[in-house]
Amino acid sequence: MFFVDTIEIEGLGNRHYLAGGANAAVAVDPPRDIDQVIEAAARRGVRITHVVETHLHNDYVTGGLELARVTGAVYLVPADARVSFARVPVRDGDVIGVDGGLTLRAVATPGHTPHHTAYVLEEDGLAAVAFTGGSLLIGTVGRPDLVEPRLTEQLARAQHASAHRLAAELPDAAAVLPTHGFGSFCSSGQAEGDASTIGREKSVNDALTRDVDTFVTDLLAGLEDVPAYYAHMGPANASGPAPVDLTPPAVADSEEIAARLAAGEWVVDLRHRVAFAEGHVAGSFNFEADGKLATYLPWLMPWGKPVTLLADSPGQLARAQRELVRVGIDRPAAAATGVPEQWVRQGEAPVSFRRALFADLAAEPGAGREPVVLDVRRDSERAGGWIEGSVHIPVHLLAQRIHEVPAGTVWVHCAGGMRAAIAASLLDAAGRDVVAVDDGFGHAAEAGLSVTCPTS
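Here's a quick rundown of the structure. (Residues numbered from 1 in each chain as written. Predicted model: local features only at pLDDT ≥ 70, side-chain atom pairs only at ≥ 80, totals over all residues. Heavy atoms only, no water.)

### A closer look at the overall build of the chain
This is how it is decided: Elements are defined by DSSP. Helices are runs of H or I of four residues or more, strands are runs of E of two residues or more, and each kind is numbered from the N terminus. In this description the radius of gyration comes from C-alpha coordinates, and the expected globular size is given by 2.2 Å times residues to the power 0.38. Relative accessibility under 20% of the residue-type maximum defines a buried residue, over 50% an exposed one, and the middle range a partly exposed one, all with a 1.4 Å probe and only protein chains included. What sets the accessible areas is the Shrake-Rupley method with a 1.4 Å probe; for residues, cover comes only from the shown protein chains. Asp and Glu are treated as the negative residues and Lys and Arg as the positive ones, with His and the ends of the chain left uncounted. Lysine's charge is taken at NZ, arginine's at CZ, aspartate's at CG and glutamate's at CD.
A tally of helices and strands in the chain yields 17 helices and 22 strands. Taken over the C-alpha trace, the chain has a radius of gyration of 24 Å; the compact-globule value for 456 residues is 23 Å, and the two agree within 12%. Seen through its principal axes, the chain has C-alpha atoms that stretch 75 × 55 × 35 Å. When burial is assessed residue by residue, the chain has 54% of its 456 residues classed as buried. When the accessible surface of the chain is split by element, carbon and sulfur atoms take 51% of a total near 18,100 Å². Each charge class in the chain was averaged separately, 36 positive and 58 negative side chains, and the resulting centres sit 3 Å apart.

### A short note on the sheet that holds strand E21 (residues 434-437)
To keep things clear, this is the line we draw: Whether two strands pair depends on DSSP finding at least two bridges between them. Contact criterion: two residues are considered in contact whenever any of their non-hydrogen atoms come within 4.5 Å of each other. Helix axes use the C-alpha atoms of the stretch in contact, all axes being lines fitted to C-alpha atoms, and the angles between their N-to-C directions lie in the range 0 to 180 degrees.
Read from one edge to the other, the open sheet built from five strands follows the order E16-E21-E20-E17-E19, with strand pairing classed as parallel. The sheet is open, and its two borders are formed by strand E16 (354-356) and strand E19 (391-392), each paired with just one other strand. Here strand E17 (residues 372-375) runs beside strand E20 (residues 410-413); their pairing, made up of four bridges, is parallel. By the bridge assignment, Val372 is partnered in E20 with Val410. Sitting on the sheet, helix H16 (residues 418-429) is in contact with E17, E20 and E21, with an inclination near 150° to E20.

### Brief notes about the packing of aromatic side chains
The test is simple: Think of it this way: a Phe, Tyr or Trp ring, Trp meaning its six-membered ring, pairs with another when their centres are within 6.5 Å, and the plane angle makes it stacked under 30 degrees, edge-to-face over 60, tilted otherwise. We call a charge positioned over a ring when the NZ of a Lys or the CZ of an Arg lies within 6 Å of the ring centre and within 35 degrees of the ring normal.
Summed over the entire model, instances satisfying the criterion amount to nine aromatic pairs. For the pair Tyr17 and Phe131, a centre-to-centre distance of 5.5 Å together with 50° between the ring planes defines the contact as tilted. With a gap of 114 residues between them, Tyr17 in strand E2 (residues 14-20) and Phe131 in strand E10 (residues 126-133) connect regions that are remote in the sequence. Here Tyr17 and Phe131 have matching classes, each one buried. Ring geometry for Phe185 versus Trp299: centroids 5.2 Å apart, planes at 80°, classification edge-to-face. With Phe185 in the loop between strand E11 (175-178) and helix H4 (198-204) and Trp299 in helix H10 (residues 293-300), this residue pair connects regions lying 114 residues apart in the sequence. Here a set of aromatic residues connected by ring pairs shows up, and it is made of Phe185, Tyr296 and Trp299. The ring of Phe182 has Arg15 lying over it, and the distance from NZ or CZ to the ring centre is 3.8 Å. In this arrangement the basic side chain of Arg377 is found over the ring face of Phe441, its NZ or CZ atom lying 4.0 Å from the centre.

### Topic: the nonpolar core
Keep this limit in mind: To define a nonpolar core, start from buried Ala, Val, Leu, Ile, Met, Phe, Trp, Tyr and Cys residues and group those joined through side-chain atoms within 4.5 Å.
Of all hydrophobic cores here, the largest spans 75 residues; its most connected members are Leu18, Ile48, Trp266, Phe287, Leu300 and Leu374. In this structure, Leu374 is in contact with Val391, Ile393, Leu398, Val405, Val410, Trp411, Val412, His413 and Leu427, ignoring residues within four places of it in sequence. Core analysis: the second largest hydrophobic core is formed by 19 residues, Ala118, Ala130, Ala163 and Leu166 among them.

### A closer look at the pairing of strand E12 (residues 266-269)
Rules: If you view a crossover with the strands going away from you and the path from the first strand over the helix to the second runs clockwise, you call it right-handed.
Neither face of E12 is left uncovered, since the one carrying Trp266 and Val268 and the one carrying Val267 and Asp269 both have all their residues buried. Looking at chain direction, E12 and strand E14 (residues 307-311) are connected through four bridges and run parallel. Bridging across to E14, Trp266 finds its partner in Val307. Where E12 meets strand E13 (residues 285-286), two bridges bridge the pair, whose relative direction is parallel. Directly across from Val268, in E13, lies its bridge partner Phe285. The handedness of the E12 to E13 crossover, carried by helix H9 (residues 273-278), is right-handed.

### So, the environment of Gln400
Counting through the fold element by element, Gln400 comes out in helix H15 (residues 395-401). For the pair Gln400 and Glu278, spaced 122 residues apart in the sequence, the C-alpha separation amounts to 26 Å.

### Structural notes on the state of the cysteines
The following threshold applies: The criterion for a disulfide is a pair of cysteine sulfur atoms lying within 2.5 Å.
This model, assessed by the stated rule, comprises zero disulfides. Left unpaired, Cys414 is separated from the closest cysteine sulfur, that of Cys453, by 17 Å. Residue classification places Cys414 among the buried residues on the basis of a relative accessible area of 2%. Residue classification places Cys453 among the partly exposed positions, given a relative accessible area of 32%.

### Examining helix H1 (residues 35-44)
Structurally, the α-helix is built with 3.6 residues per turn, so residues lying three or four positions apart point the same way. This is how it is decided: Note that the arc is computed from the directions linking the helix axis to the C-beta atoms.
Within H1 the residues assigned to the buried category are Val37, Ala40 and Ala41. Buried residues of H1 fall within an arc of 95° about the axis and therefore sit on the same side. Summarising the geometry of H1, the exposed residues directed more than 90 degrees from the buried face are Ala42 and Arg43. As for H1, its buried residues are in contact with strand E1 (3-9), E2, strand E3 (24-28), strand E4 (47-52) and helix H2 (64-71). The first or second residue beyond H1 is Gly45, which carries a positive phi of 70°.

Okay, structure coming up:
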């Protein structure tokens, strides 16, 4: 009998796996904070003998090298991945013994990257599980445009071929366990459902139900913007990431917070958007610790800029640190916990801005000037409908394009409220009068606002 434990990283939309038998196990695509994997192995009472990478990741920093060093495991990396550290190169068809009758078989599945490799867990020679990384995902595939623009179409065609190879070689009952697809921007679409098999994918996955030309055309047309920090993940993984340091950062008092703001550094408030709107340090930005912190903060923040974190508790700060090391933000410059009254200098007070619903926007009197409505959703979201007369700047572009926002009070919205809060904090720090619409976009039309729907 074998086991597979899933380690879910919700903030990045990824899953990592520990699989093995009675005595030994293999870790697949481990996250940077390797203590979770080690704890999973300890609970099972097994030794991690192998660590495998399906590819050089573009959306997070791997913990594979460090996990192998700490545990003494063999570190397996696709042979064609260009890396600068010692590892065991894996090639198509290689078979790795795991425990008893358990083996891993490497299957070349280029597409997400040129060197991508899936691993099939076989028990007594029968394929039971496919660790598909960024190739065959649940209902979709990994995006092919993260390596080199000139290779995108070629890799999209390779994705189609790789999906068909897995479908042809594996039994319908084999479980499909991808790394991406649960919110990750490495996926060309989002997972439909929580689990899948080869048989199910044959009936629902576009890569397996469409001819290659139709599949490639639709895949390329649907690709989203690439998070800016992705450009730094591949090189970090190729050079060999350093161990993480999750000890608390230096404590910043109110004078240091003010000095860091004055120096142009980023001061990030991790509290919930409701608390931030009610009171915060002027000039600080709001990225909720419980939102997609590890996606949106490194996407918007200039890479390498010092960041100071403000949290309501040491626990919230520690969780944020853990999320940020996964994307290469290793050490905050400083941090503080408590409430905003403790973070402002003597004689100063926290600042605030309004929160509202779409119904409040609909009821807002014009008084000779219509309010500015700013939509910060992605292009693909706006394509499904938008508020008539609204300005559109995706949140990840707002810092560079904030000068394009028309004069007047800005009512900023997204699809649900989190990204609107980020945008509102950017506008507020720039001195704009802002209202954060903390509401689901589906309520806009219900509130009486004129919503343009191209498909209606």
